[in-house]
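Structural features, examined
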Amino acid sequence: MSHRNLSRRRALKGAAALGGLAAPMLNTVTTFAQSGAFNWQRFKGQSIEVVMETGPRADLVKKHAKEFEQLTGISMGLEIIPEQQARQKTTIELNSGKPAFDLFNIAYHVQKRQVEKAKWLFDVTAWTRDPQMTPAAYEFADISKPGLDYATQSDGKITSLPMFVDYFMLYWNKELFAKKNLAPPKTLDEMFDAAVKLNDPDNGIAGYVGRGLRNANVVLYTQYLSGWGQQTTTKDNPPQLLTDTPDAIAAAEYYKKLLTTAAPKGVTGFNWNECQGLFMQGRAAMWLDGIGFAPPAEDKTKSRVVGKVGYALPPAGPKAHHSVFFGGGAAIPAASSKKEAAYLAALWMTGRQMTSRMLQTGGGVPFRSAPLKDNEVLAQLTIPREWAETAAGCAPISMPGLPVIVPVTQFRDTIGTALTNLLGGADAATEMKRATAEFKPILEKSEQG
Amino acid sequence: MAGVDISAGTAARRSDDRRLRPYLAFIWPALVVCTALIIFPWLFTIWMSLNDWHIGSARTFIGLENYIKLATDRRFLESIGHTFYFTVLAVFLPLVLGTLSALVFHKKFRGRGFFRTLFIMPMMATPVAVSLVWTMMFHPQLGVLNYLLSLVGLPPSQWVFATGTVIPSLVLVEIWLWTPFVMIIVLGGLASLPNEPYEAALIDGASQWQMFWNITYPLVLPFLVVAMIIRTIDALKAFETIWVICNGGPGTASETLNVYLYAQAFAYNQVGTASAVVVVFFAIIVALSLVLLWARQKAKWA
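Rules used in this analysis
- Residues numbered from 1 in each chain as written.
- Chains lettered and ligands numbered in written order.
- Predicted model: local features only at pLDDT ≥ 70, side-chain atom pairs only at ≥ 80, totals over all residues.
- Helix = DSSP H or I, 4+ residues; strand = E, 2+ residues; numbered from the N terminus.
- Rg over C-alpha atoms; globule rule 2.2 N^0.38 Å.
- Buried ≥ 20, exposed ≤ 12 C-beta atoms within 10 Å, placed from the backbone.
- Contact = placed C-beta atoms within 7 Å.
- Nonpolar A, V, L, I, M, F, W, Y, C, P; charged D, E, K, R; others polar.
- Pairing = 2+ DSSP bridges.
- Core = buried A, V, L, I, M, F, W, Y, C linked by C-beta atoms within 7 Å.
- Expected span 1.5 Å × (residues − 1).
- Axes fitted to C-alpha atoms, helices over the stretch in contact; angles between N-to-C directions.
- Parallel < 35°, antiparallel > 145°, perpendicular 65-115°, else oblique.
- Left-handed = near helix turned anticlockwise from the far one by under 90°.
- pLDDT = per-residue confidence, 0-100.

Some points on the overall build of chain B
- Along its length, chain B carries 13 helices and two strands.
- Expected size for 302 residues packed as a compact globule is a radius of gyration near 19 Å; at 26 Å, chain B overshoots this value by more than 25%.
- Along the three orthogonal principal directions, the C-alpha set of chain B runs to about 90 × 70 × 30 Å.
- Put simply, chain B has 302 residues, and 32% of those count as buried.
- Across chain B, every contact between residues at least 6 apart in sequence was considered, and the portion connecting residues at least 24 apart equals 71%.

What follows is the structure in structure tokens.
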């Protein structure tokens, strides 16, 4: 007979909770008209164009696009193109002043400073605080600080909604470690020692594998460098290069030592895919790279190490312990004429539900903390829970993996060439100083314009 | 007399003009297309090369500064060297091998048609797809090439993964792709050769080598020069294979002008610098074409 005790307040609370849960499923046009609350159907009938980079995030949006259209009544044209081409396309179209898209996924670690300086993005700050535009269910406050920092320009304006973060983690082959009776390394020195012990080129086993290819290798280097508690530039405005400091040179020496001693021959030309190939064939004992590689490594049709992969935090350096991160978000061009509809799409893509799905498939880690702690979400993980736990462990020790500057690609090419030269036997101090001197005028010029 | 001549000449010219005038209108479509697609982009490129122009920033006129910077840019100068190294190998080797295979396939033997078809297959494949396959074959640990080397007891190579071997390895792909092309041209040449000189040579007791060197080679030379011109243009243009297989790396060891240009234009968004590179590249190509045309004149059948 407990229902007799049901007070009016409790009944209202329950109804409100139910309503909150059901809101996305209901057509709430009338509710909005009466109360001015958030309404997914407010911009019904509009159509928007979205550009995304090929990858798990785009796959997910494509798969659930119908759901968005039903929820909002907005039709969404989706163009999915490979990363490099997508960045070229968005840059050139934004520069033309008449982009053909209303929403695109921005790679913060490459494009942040560029879009900011060119003032290409629409300022959504006011909308994020407007309950009519951003529902409470979006849990804006759950967005992690690094994500919010990425989405916020140096003038304090928020010009995108953070979607995913990519940390660096250590993948290790449990079988190979067990054979030599070793534990996963906790520090860079331990990692070097373990790599040397595990390295067995005669039997085709590499102790360690990591990016050596120019440009791609810079992010591995910045991961090592974070162990000295340092980034590649200062946080000043304009930023100053820090790639020739004693710590930067020490990190470069470590890079050289590890990759020339315990990595396979030809590592100079390895991007992540060559590393991945070797690791998934069970031919590399350790691999330090982005967190996105768990799904293929745990896929029986592609990998020979299914169930044998260990996931660990990147080893700590002599001075600090960090995991470098990169990330992406959803941004609206200032020139778009359908900003409101595009904003709803951005909310949907970066919201709790879609980012939880992204986590479950291993397609990326949300720039949020709630999905990583949500047992219901974690229960449906398609990859080992150890991976998600490691990703959650990376968050508190995260540090940006690339400098927030305009010529990021040129930076990566210049420093990357120096790192490649190290693998060919060049001296760390000489190369880092030369590359820094070479890049300095380019950076200075990019900050003047 | 003279006056009469002049007036007669002018009259004739006038009537010529009148006759031509209706036809002049037919030039317009071609002229418009040429101006829009060739002349205007060229003038615009030259103008861009005189500006400091970075996508996303303001443009400023800087005169020849882009060119002056290029003259001291280590990467640019090295890329010219790589371009020549790559081009020489990627022209010469397919020419030699293409000629050899043409000589083989010119002989009559069982299944010649089938083997000819098989041999020209690589040419029909998409360069990007081919490059992806070769990238996997080049892999120093997992690739099939090192496995093949190990079968014959040779030490493994690092192929495109080491500075010293990257360009020769890329040339290997070019050879595989383009030798059949040279072969087809030379086969066409061989088929057109007269029989009499060979009959005369046989009567005179000439050896196979003498017949090749004194009859076949000079007669086929004009075809070889055509093949060389087309191959040179193709090799200078080569981009997909280099970009897909090794991105111009390791480091910048296989960065040709094309790859450098791509980086400047589409990775660094330096439109001004990239335009200057294009202009220099164009000058190089024009100079090379002149040399090749001169060679073609020389090689004509006397």
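Side note on the interface of chain B and chain A
- Each side of the interface is counted separately: chain B has 25 residues, and chain A has 29 residues.
- The leading source of residues in the side of chain B that touches chain A is helix H12 (residues 257-267) of chain B, at three residues.
- Residues belonging to the side of chain B that touches chain A are distributed by class as follows: 13 nonpolar, twelve polar and no charged.

Some points on the pairing of strand S3 (residues 103-107) of chain A
All names here are of chain A.
- Across the five residues that make up S3, a large majority, five, are buried.
- Alternating positions in S3 separate into two faces, Leu 103, Asn 105 and Ala 107 on one and Phe 104 and Ile 106 on the other, with burial throughout.
- Examined bridge by bridge, strand S1 (residues 47-53) and S3 share two bridges and lie parallel to one another. Bridging across to S3, Val 50 finds its partner in Leu 103.
- Two elements, S3 and strand S7 (residues 323-331), share four bridges in a ladder whose sense is antiparallel. Following the sheet pairing, Ala 107 is matched in S7 by Gly 328.

Considerations on unusual backbone geometry
- The residue Glu139(A) is not glycine, and still its phi comes out positive at about 50 degrees.
- Within the element layout of this structure, Glu139(A) appears in the loop between helix H6 (125-129) and helix H7 (145-151).
- The phi angle at Asn269(B) is positive, at roughly 60 degrees, despite the residue not being glycine.
- Relative to the helices and strands, Asn269(B) is located in the loop between H12 and helix H13 (271-299).

So, the nonpolar core
- Formed by 132 residues in total, the largest nonpolar core has its most connected members in Val209(A) and Ala345(A).
- No other element matches the ten residues that strand S4 (residues 160-173) of chain A contributes to this core.
- Every residue in contact with Val209(A), bar those within four places of it in the chain, is listed here: Ala263(A), Pro264(A), Val267(A), Phe270(A), Cys275(A), Leu278(A), Phe279(A), Ala284(A) and Trp287(A).
- If you look at the next biggest cluster of nonpolar residues, it comprises 52 residues, including Phe86(B), Phe105(B), Leu236(B) and Ile245(B).

A look at the environment of Ala250(A)
- You can see Ala250(A) is positioned in helix H11 (residues 246-261).
- Distance from Ala250(A) to Tyr224(A), taken between C-alpha atoms, is 9.5 Å for residues 26 residues apart in sequence.

Overview of helix H19 (residues 408-423) of chain A
All names here are of chain A.
- A rise of 1.5 Å per residue sets the reference length of H19, with its 16 residues, at 22 Å; its end C-alpha atoms lie 22 Å apart and thus fit the reference within 8%.
- Most of H19 sits inside the fold, with 15 of its 16 residues counted as buried.
- Within two residues after H19, Gly 425 carries a phi angle of roughly 110 degrees, on the positive side.

A few points about the packing of H19(A) against helix H20 (residues 428-448) of chain A
Residue and element names in this part refer to chain A.
- With their axes 9 Å apart at the nearest point, H19 and H20 run at an angle of 165 degrees to one another. Classed by the angle they form, the pair H19 and H20 counts as roughly antiparallel. Regarding H19 and H20, the two cross each other, and that crossing is right-handed. Counting all contacts with H19, which are made through Gln 410, Phe 411, Thr 414, Ile 415, Thr 417, Ala 418, Asn 421 and Leu 422, the residues of H20 involved are Ala 428, Glu 431, Met 432, Arg 434, Ala 435, Glu 438, Phe 439 and Ile 442.
- Looking at the contact of H19 with H20, its residues break down into nine nonpolar, four polar and three charged.

Overview of the confidence of the model for chain A
- Mean pLDDT for chain A: 90, with 92% of residues reaching 70 or above.
- Note that residues 19-34 of chain A has pLDDT below 50 and, in this model, 14 contacts with residues that lie over four places away or in other chains.

Regarding the environment of Ser169(B)
All names here are of chain B.
- Mapped onto the elements, Ser 169 comes out in helix H8 (residues 166-191).
- The sequence separation of Ser 169 and Gln 158 amounts to eleven residues, and the corresponding C-alpha distance is 9.4 Å.
- Once residues within four sequence positions are removed from consideration, Ser 169 is found in contact with Phe 138, Trp 159 and Val 160.

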